[in-house]
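Single-letter residue listing:
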Amino acid sequence: MDECQSAIPAHDGDLHVVAAAHHIVKALGTTKNLSDDLRKILIDLDAHLSLITSNIDSKGGKGFVEVEERLKRVERKIVIWESYRIMIWDSGPKEASDYLEAVDEVQTLIDSLRGLSMNENQKQKELLHRASSLLQMAMSRLEEELIHMLVKHKQQSGPTYMPSPSSQRNVVYNESVVSLDNESAKEASIKNSCSDKCGEYIVDLVPEHVIPDIKSIAKVMFASDYGQEFCEAFIGVRKEALEQHFDILENGKLSIEDVLKMEWCSLSTEMNKWTWLMKIIFGVYLMSEKRLCDQVLGEFGSVNSFCFLEIAKTTILCLLNFGEAIAMGPQEPEKLLRLLDMYETLADLVIDIDALFSENGGSFVRLEFHKLLEGLADSVKAAFNAFGVAVSSNGSLYPFPGGGVHPLSKYVMNYISMFPEYCSTLNLLLEDQHSDVASLVSEPQCGPTAFLSTSCPMACHLRSITSSLESNLHKKSKLYKDEALQHIFLMNNLHYMVQKVKGSELRPFFGDEWIRKHNAKFQQHEMNYERVTWSSVVLLLKDDNPGSSSLSKSAFKEKCKGFSVAFEEVYKNQTSWCIPDPQLREDLRISTSLKVVHAYRTFLGRNPAHVDDKCIKHTVEDVEKLLLDLFEGSPRSLRNSRRMMKT
C-alpha cells in the first residue's frame, strides 16, 4: 500500500494509465466463472486504484468521493439487517452471499485506507473510523448468525443407551446373601450386545450442507482479525452441546471426594456408567467433534486443535477425575469386575485418545489417560489379590444349616465363572505373579492344548482360589458335630464346584484332570457318609448266629426295635439335611436304598415266622418310601412322613 501512495501519478499521461487500468479491472470483475481468490484480488486492486484516483482528486479538492460512495453502498447493505429480526442465512443463499460480499468490501476499504499515510487528512480518518465501526457491527452480526446456525442445526444423533440397574453386576458376599446367583451370573457373563456396536463411528453433529456456510463465516471473520470471536462462539455452542450429551447419559459429574464416600451399590452403578461414557464420548462424540473442527477450522492451523481441546476439556476432566478416584480408592474384591471393565475400555481407547490429542496442546490429556491406565492396572491386581485373601480368610462361627451349598462357594464359583471373559487382560496383568502361583497349583494335564490353557497365569490363579476355597470349606465342615453331615456338606460343595467348572467356560482353564480328581473327592465323601450313617444301622440286622435258620422271637423283636429306633433317628435328623442338586440327591437315595433296603429285606426273609408279628414297625415298602424324604431340607417326623400322609 505504501507503494500505492508513493506512486501517485504526477502527469496527465500517468493519470490516463491509472484510469485505463481501473476500467480493465472493472471489466474483468464482470467475467463469469472466476475463482473466489481471483475475484478477491480484482476487488482489492479495484479498491487500490480507486484510492489512488481519490488521492489525486483530493489534491484537486474533490476528496475521497468515490471511496465514501462505496462505503455508503456497503453500509446500507449491512445496516439494513440490524433492523430485521430474521437471520440472514435463514433468508436464503443470495442474501447471505450479498452480506459476505459487503463485509469483504468493507475490509478491502479498511485495508486500503490504512495503507495510505494519513498526512493529517481528516476525511481519510473519518472514512477509516466509519468503515471500522461498520466492520465491527458486521462481525457481531456474523457471530450471532454463527451461534444461531450451530444451535439450529445441532444434530441429536448417536447412541444414548445405558444398561438398566437390573443388569448390573453387583457382587457382594455375606453369610446369608449372595446377590450373584446362578441366573444373574449367566446374565452378567454375556456382555451387552450394544457394547460391540457402540465402538468407534462418526456421526454428523452438524448437517453436511451447513458446513460451507459455517466455513464462509469463519473465513470472513478470520480475514477481518476477528478469529478469536469466532472461536469463542464456536467453542461455546459445541461445548454446551457435548455437555448436554454428557448429561443425557446420566453422568453425575461426581467429585473425587464424592466417589470415595459412595456405598458400593451406588459406586458400582457409576463405574458401569463410566465405561459406557468413555466408549460413547471418545468413540463417537469426540471423534465426530474432531471431524467437525477439521471441516470448519482445518485451514487455520493450531486454532483447530485449540478449539477442539477447549470444547472437550470439561467433559474429559470429569471422566478423568472419576477414574482417578476409583484408582486411588480401596480395592475390595467386589470391585474386580467393574475395574476390569474400566481397564479394558480405556486400553481399547488409548490409541484413539492419542490420535485425537496428538498435538502439543493435548499432551496433558494423553499423559493423564496413560497414567490412569496404569493406575487401573494396579487396582485390578490389588482387587484380585484381595479376592483371594477374602476367600481364604472367610470365617464362620456357626455351621451352615442343612449342610447345603455354602454361600461362599456360590460367591466364588459364580464370580470366577465370569473371568474367562477377561482372559487376555488377566493374563497380561497377572503375569508378574505367575511363577509363584503356578508352582503351588500345577496339575498334570493331557495333551498340548490342555497344557496351554491350564498353564496360563489366569488359570493358575483360578485354581489357587478354588484351592483356598476347598481349604476353607474343610474348616467350615468341622463346625458340624455330626460326622455324617460333615461329609454331606463337603460332598455338596465339591460337587457344586465341579458342576460350575464343567458347565461353563472355566473348563479349559481347570482341565479334565482337575474335574476327574474332584469328582473322586465328592464321591469319596458320598461313600464316607454312607459308611458313617448306615453301617451301624445295617449292622443291627446282622445275624448273631449265622449257623441257625432263624432268630428267636425275642431276639427278632429286639433287632427290629433297634433297627426302627436307629432308622427313625436318622430320618428325624436327615430330612432336615439338604442336597440341592436333584441328580446328586437321587443318586445318594438310590445308593442308600440299595444298601439299607436290601439288608432289611434279607433280614426279614431269614425270619419269615415272625414277619407278621406286631414287632415289625416298618415294612420294606415303608423304609423305601421314608428314604425318599431324606435331604429335602425340611425337618419331618414319622407322623408327617409321606407314608403316614398317604395312609
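Thresholds applied
- Residues numbered from 1 in each chain as written.
- Predicted model: local features only at pLDDT ≥ 70, side-chain atom pairs only at ≥ 80, totals over all residues.
- Heavy atoms only, no water.
- UniProt positions renumbered as here; feature names shortened; annotations may be inferred.
- Helix = DSSP H or I, 4+ residues; strand = E, 2+ residues; numbered from the N terminus.
- Buried < 20%, exposed > 50% of the residue type's maximum accessible area, 1.4 Å probe, protein only.
- Contact = heavy atoms within 4.5 Å.
- Areas by Shrake-Rupley, 256 points an atom, 1.4 Å probe, with all protein chains shown as cover.
- pLDDT = per-residue confidence, 0-100.
- Core = buried A, V, L, I, M, F, W, Y, C linked by side-chain atoms within 4.5 Å.
- Bend = angle between axes of the 7 residues up to and from the residue.
- Phe/Tyr/Trp six-rings, centres within 6.5 Å; stacked < 30°, edge-to-face > 60°.
- Lys NZ or Arg CZ within 6 Å of the ring centre and 35° of its normal.
- Polar contact = N/O pair within 3.5 Å; in protein donor to acceptor, adjacent residues only side chain to side chain.
- Expected span 1.5 Å × (residues − 1).
- Patch = residues over 30% accessible without salt bridge, like charges linked within 9 Å, V, L, I, M, F, W, Y side chains within 5 Å.
- Salt bridge = Lys/Arg side-chain N within 4 Å of Asp/Glu carboxyl O.

You'll find the protein chain entered in an unreviewed UniProt entry as Exocyst subunit Exo70 family protein, with Gossypium laxum given as the organism. Per its UniProt entry, the protein chain bears the Function (unreviewed entry) comment "Component of the exocyst complex." Comment text from UniProt for the protein chain, heading Sequence similarities (unreviewed entry), reads "Belongs to the EXO70 family."

Enquirer: Explain the overall build of the protein chain here, please?
Expert: Scanning the protein chain for helices and strands turns up 27 helices and zero strands. Within the protein chain, buried positions represent 49% of all 647 residues. Put simply, 80% of the contacts in the protein chain that link residues at least 6 apart link residues at least 24 apart. Just so you have it, the protein chain exposes about 31,100 Å², and 54% of that area is on carbon and sulfur atoms.

Enquirer: Whenever I open this one, the confidence of the model for the protein chain confuses me. Can you help?
Expert: Predicted coordinates in areas of low pLDDT are best not read in detail. Of all residues in the protein chain, 76% have pLDDT values of 70 or greater, and the mean over the chain is 82. Across residues 446–451, where pLDDT falls below 50, the model places two contacts with residues more than four positions away in sequence or in other chains. Long-range and interchain partners of residues 642–647, a stretch whose pLDDT sits below 50, account for eleven contacts in this model, where long-range means more than four residues apart.

Enquirer: Help me understand unusual backbone geometry, please; the structure alone is not making it clear to me.
Expert: Trans peptide bonds make up the majority, and among non-glycine residues the majority have a negative phi. Non-glycine residue Asp-225 carries a positive phi angle of around 65°. Look at Phe-631: it is not a glycine, yet its phi comes out positive at around 70°. Looking at the element boundaries, Phe-631 is found in the loop between α26 (620–627) and α27 (642–646).

Enquirer: Explain the nonpolar core here, please?
Expert: Across soluble globular proteins, you tend to see nonpolar side chains buried next to one another. Phe-230, Phe-234, Phe-282, Phe-357, Phe-369, Val-412 and Phe-419 are the most contacted members of the largest nonpolar core, which totals 170 residues. The leading source of residues in this core is helix α13 (residues 264–297), at 18 residues. Once residues within four sequence positions are removed from consideration, Phe-357 is found in contact with Phe-282, Phe-308, Leu-309, Ala-312, Ile-316, Gly-362, Ser-363, Val-365 and Arg-366.

Enquirer: I keep staring at α13 and nothing clicks. Help me out?
Expert: Each α-helix turn comprises 3.6 residues. Residues three or four places apart therefore point the same way. Of all the bends in α13, the largest measures some 35° and sits at Ile-281. Across the 34 residues that make up α13, a large majority, 28, are buried.

Enquirer: What am I meant to see in the packing of aromatic side chains here?
Expert: Where two aromatic rings form a pair, the distance of their centres and the angle of their planes describe that pair. Taken as a whole and assessed by the stated rule, the structure comprises 19 aromatic pairs. When the ring of Phe-556 is compared with that of Phe-603, the centres are 5.2 Å apart and the planes differ by 5°; the resulting orientation is stacked. Highlighted residues: Phe-556 in helix α24 (residues 553–574) and Phe-603 in helix α25 (residues 582–606), separated in sequence by 47 residues. Taken individually, Phe-556 and Phe-603 each receive the classification buried, so the pair is uniform in this respect. The ring of Phe-308 is capped by Lys-290, whose NZ or CZ atom sits 5.9 Å from the centre of that ring.

Enquirer: Which parts of the structure should I look at to understand the side chain of Asn-414?
Expert: Mapping Asn-414 onto the fold places it in helix α17 (residues 407–416). Look at Asn-414 and you get buried, because its relative accessible area is 0%. Engagement of the side chain of Asn-414 in a polar contact is seen with the side chain of Lys-500, the distance being 2.8 Å.

Enquirer: Sorry, what's going on with helix α22 (residues 483–502) here?
Expert: If you check α22, its first and last C-alpha atoms are 29 Å apart, about what 20 residues at 1.5 Å a residue would give, namely 28 Å. With a side-chain oxygen positioned 2.9 Å from the backbone nitrogen of Ala-484, the residue opening α22 is Asp-482.

Enquirer: Would you mind showing me how to read a nonpolar patch on the surface here?
Expert: On the surface, Ile-80, Tyr-84 and Ile-86 cluster together into a nonpolar patch covering about 280 Å² of accessible area. With respect to the helices and strands, the residue Ile-80 is situated in the loop between α4 (65–79) and α5 (88–91).

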